[in-house]
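# Structural overview for review
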2 protein chains.
Amino acid sequence: MARIAGVGTTTVSRVINGGDRVAPEMLAHVRKVMEELGYEPNQAARALKSARSKTIGLIIPSIVDPFFAEFASVVELMAREKDYAVIFLTSHDRAERGMADLKILERHRADGLLIVPPRTGSKALLDQLTQLGVPVVAFDRPLIGRNCSRILCGNFPAAEIATKHLIDHGRKRILVLGGDPRLHTIQQRLEGYEKAIGEAGLEPIIEMDASDYASAEAAITRRIKQKGGIDAIFGLYNQSTIRAYEVLQNRNIRVPDEISLIGFDDFALASTLRPSITVMRQNITEMAQTATRLLLQHMNGEVTSPQQIEIEAHLIVRQSCGFHGATSK
Amino acid sequence: MARIAGVGTTTVSRVINGGDRVAPEMLAHVRKVMEELGYEPNQAARALKSARSKTIGLIIPSIVDPFFAEFASVVELMAREKDYAVIFLTSHDRAERGMADLKILERHRADGLLIVPPRTGSKALLDQLTQLGVPVVAFDRPLIGRNCSRILCGNFPAAEIATKHLIDHGRKRILVLGGDPRLHTIQQRLEGYEKAIGEAGLEPIIEMDASDYASAEAAITRRIKQKGGIDAIFGLYNQSTIRAYEVLQNRNIRVPDEISLIGFDDFALASTLRPSITVMRQNITEMAQTATRLLLQHMNGEVTSPQQIEIEAHLIVRQSCGFHGATSK
DNA sequence: CTGTTAGCGCTTTCAT
DNA sequence: ATGAAAGCGCTAACAG
């Protein structure tokens, strides 16, 4: 490149990096030659010399989950604006897989890392994170045992709001349907539910196993048949909400007349189903933007101390709670 | 690293690359030191020297679309098995954005590329692809104007099967709902529909604009009201199917009794909605595996000539077509 | 079987 | 304002 332009490599380097301290006509000349050749600087060489790969790692449990997909989408958008490429890795929510991911990022000398910690945490993973030696921002779940920045949804207050919404409209027998109890998000949501239930003097009705349709059906049936029955269901995450919906449909239970339904997490067809489903919607975009911005700030030293930021979720009232269009307080 | 283990760098290099031509005890020793140090070879240096970045590029219109998300998921899985990292970029279906993506991959010296061509093709993009100079495999859509491998869904026969399914069960007034006509996939599906309709001696009823709810509603309403009406709708892609579903729901038209519904593309809640929706399901996993495998083969020279492979889609019969459980031919 | 050496393409002093 | 030269960590001859 330098040879063809008839200049020194130093000059080319200066042009690549913004063109400071280069004579205007020289700058124009080199830029023109670059253009003609379609020259792109070799990132490997730059990385080797400068110890900055211009790459960030993104570790998520799965890219098929719309929640993580939206996260990834925002990350890619913001990273490229700052000239970072993103290497994406899926952990399938397993610590060993996450560790393999970290090895890959270490080889590629990623400059920073956004990670949704696998639900099965492990000491070994934390150690390897330390070894990586680059800024890390945890997303959606805290990285327990490591003092790094975290961007979370305000799960506790959101669950409280959702539960209160049902209570304020006269529901008294509210079943909360889990949720992997190992997940911080699920724990927080459950606690929010319990707080609202407790303050209203109601009895908590908790079923944590809705891991598939059969268990969701068993749990709901059991609670319907017990003394007092139930008049509402609060799904702690999208899958349990969907399963509750299916169970109610299949048993021909009228929603919301007989049983109100409200879910945590919005999902594509929540508004298409009939009845449409009332949900607490996480502000994924803002969570993702905040996380990416923070990581970049950590990477260039603008922020050094770990931050913990919670982003509010919002209630989207639809038909399934039964108070759609009603004058809600 | 070499210093600490008390050996030459060549030996370390050999160990990294499999340990051939290294004495067994030496190999064990070096491996042990590596382990203790948590040493990972610097990929930037290896890339610089070997001109192979061990990185592949993945350009998709959007990661939020479940179809592309599943594609990405499979790519990541297979790439990491062969020790490749994947840099993922979204084109938002725009050629200029795709070109920016290619620049990024060129800087990072990606060894290969999987791309879903933006719907607005462009000569400039093809040129830049040539300039990249690495194996390319097109996914889902052909890269028109460039003779490279492509993995597509068998859209034509699949649309024919879907249409025939309706015809074989007595439907005669079948509305086909588009679909960006610039997309190769949509064109092929439309042609499949037309073939089946033509062979049955029926009249094609085509509405290509279902780009939002309002246009879908206008199109469907128009066709319902016209002489003869319609007795079935074939959605050419998931969004038009969902919109058709919503329109029918909102107009209290009984599905499938009054109008049958069948869609191209399966989607998460197609089985949850009531009635559940009959669809042609693309075999995304197999498409993705085939594409990734083929790219890797191109990269290591096992395959040199461009391949064109179409993967069959399959009919998933649910309730919305009206022939669920019925004895279908 | 193992080490010495010369670059890969950049960035970065240090001269000029 | 520009260039010469050293070196980032690795691989690939080539010697020994």
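Note that the structure is predicted; figures quoted are calculated from it, not measured.

## Let's talk about the overall build of chain A
Along the backbone of chain A there are 12 helices and 12 strands. Computed over the C-alpha atoms, the radius of gyration of chain A is 25 Å, more than 25% above the 20 Å expected from 2.2 N^0.38 for a compact globule of 329 residues. Residue burial in chain A is summarised as follows: out of 329 residues, 56% are buried. Of the contacts made within chain A by residues no fewer than 6 positions apart, 70% connect residues no fewer than 24 positions apart. One way to put it: in chain A the 40 positive side-chain charges average out to a point 3 Å from where the 38 negative ones average out.

## Observations concerning the packing of helix α10 (residues 213–225) of chain A against helix α11 (residues 238–250) of chain A
Residues and elements named next belong to chain A. Remark: α10 packs on α11, axes separated minimally by 9 Å, with the N-to-C direction vectors making an angle of 65°. Crossing handedness for the pair α10 and α11: right-handed. Where α10 approaches α11, its residues Y213, A216, E217 and I220 are matched on the opposing element by R243, A244, E246, V247 and N250.

## Let's talk about the protein's contact with DNA strand C
Near DNA strand C there are 22 residues, and of these S13 and Y39 of chain A together with T10, A23 and K49 of chain B occur at the shortest range. When atoms of DNA strand C within 4 Å of the protein are split into backbone and base, the sugar-phosphate part holds 53%. At 3.1 Å, a side-chain N or O of T10 of chain A approaches a base oxygen of DNA strand C. A distance of 3.2 Å separates a base oxygen of DNA strand C from a polar atom in the side chain of R14 of chain B. Taken together, the elements giving at least two residues each to the surface near DNA strand C come down to α2 (9–16) and α4 (43–50) of chain A together with α2 (9–16) and α4 (43–50) of chain B. The dominant element in the surface near DNA strand C, judged by the number of residues it contributes, is α2 of chain B, at 4 residues.

## A few points about the protein's contact with DNA strand D
Around DNA strand D, the structure places 22 residues, and the nearest of them are T10, T11 and A23 of chain A together with S13 and Y39 of chain B. Near the protein, within 4 Å, the atoms of DNA strand D are sugar or phosphate in 52% of cases. Separating a phosphate oxygen of DNA strand D from a backbone N or O atom of A23 of chain A is a distance of 2.5 Å. At 2.5 Å from a phosphate oxygen of DNA strand D is found a side-chain nitrogen or oxygen belonging to Y39 of chain B. At the level of elements, α2 and α4 of chain A together with α2 and α4 of chain B are the ones that each hand at least two residues to the surface near DNA strand D.

## Details of the nonpolar core
Core analysis: the largest hydrophobic core is formed by 158 residues, its most contacted members being L58, I233 and F234 of chain A together with L58, I233 and F234 of chain B. Non-local contacts of I233 of chain B, meaning those with residues more than four positions away in its chain, are made with L175, L177, I220, A244, L248, I259, S260, L261 and I262 of chain B. Grouped together as the second largest cluster of nonpolar side chains are 40 residues, L102 and L143 of chain A together with I59 and L132 of chain B included.

## Quick look at the UniProt feature "domain: HTH lacI-type" (unreviewed entry) in chain A
Mapped onto the present numbering, the UniProt feature "domain: HTH lacI-type" (unreviewed entry) falls at residues 1–50 of chain A. Structurally, residues 1–50 of chain A comprises 68% helix and 0% strand, and the distance from its first C-alpha atom to its last is 20 Å.

## A few points about the pattern of salt bridges
All names here are of chain A. Summed over the entire model, instances satisfying the criterion amount to 48 salt bridges over all chains. The partner of E96 in a salt bridge is R94, with the nearest N and O atoms 2.5 Å apart. Given the relative accessible area of 47%, E96 is considered partly exposed.

## A closer look at the sheet that holds strand β9 (residues 260–264) of chain B
Residues and elements named next belong to chain B. Reading across from one edge, β7-β6-β8-β9-β10-β12 is the order of the 6 strands in this open sheet, with mixed pairing throughout. Of all the strands in the sheet, just β7 (205–207) and β12 (314–316) have a single pairing partner and so form its edges. Neighbour-to-neighbour, the strand axes of the sheet open up by a mean angle of 20°, direction not taken into account. Relative to β12, strand β10 (residues 278–281) is paired through 3 bridges, and the arrangement is antiparallel. Bridge pairing in β12 places R281 opposite H314. Sheet strands touched by helix α8 (residues 155–168): β6 (174–177), β8 (232–235), β9, β10 and β12. Its angle to β9, the strand with the most contacts, is close to 170°.

The rules we used
- Residues numbered from 1 in each chain as written.
- Chains lettered and ligands numbered in written order.
- Predicted model: local features only at pLDDT ≥ 70, side-chain atom pairs only at ≥ 80, totals over all residues.
- Heavy atoms only, no water.
- Helix = DSSP H or I, 4+ residues; strand = E, 2+ residues; numbered from the N terminus.
- Rg over C-alpha atoms; globule rule 2.2 N^0.38 Å.
- Buried < 20%, exposed > 50% of the residue type's maximum accessible area, 1.4 Å probe, protein only.
- Contact = heavy atoms within 4.5 Å.
- Lys, Arg positive; Asp, Glu negative; His and termini not counted.
- Charge placed at Lys NZ, Arg CZ, Asp CG, Glu CD.
- Axes fitted to C-alpha atoms, helices over the stretch in contact; angles between N-to-C directions.
- Left-handed = near helix turned anticlockwise from the far one by under 90°.
- Near = heavy atom within 4 Å.
- Polar contact = N/O pair within 3.5 Å; in protein donor to acceptor, adjacent residues only side chain to side chain.
- Core = buried A, V, L, I, M, F, W, Y, C linked by side-chain atoms within 4.5 Å.
- UniProt positions renumbered as here; feature names shortened; annotations may be inferred.
- Salt bridge = Lys/Arg side-chain N within 4 Å of Asp/Glu carboxyl O.
- Pairing = 2+ DSSP bridges.

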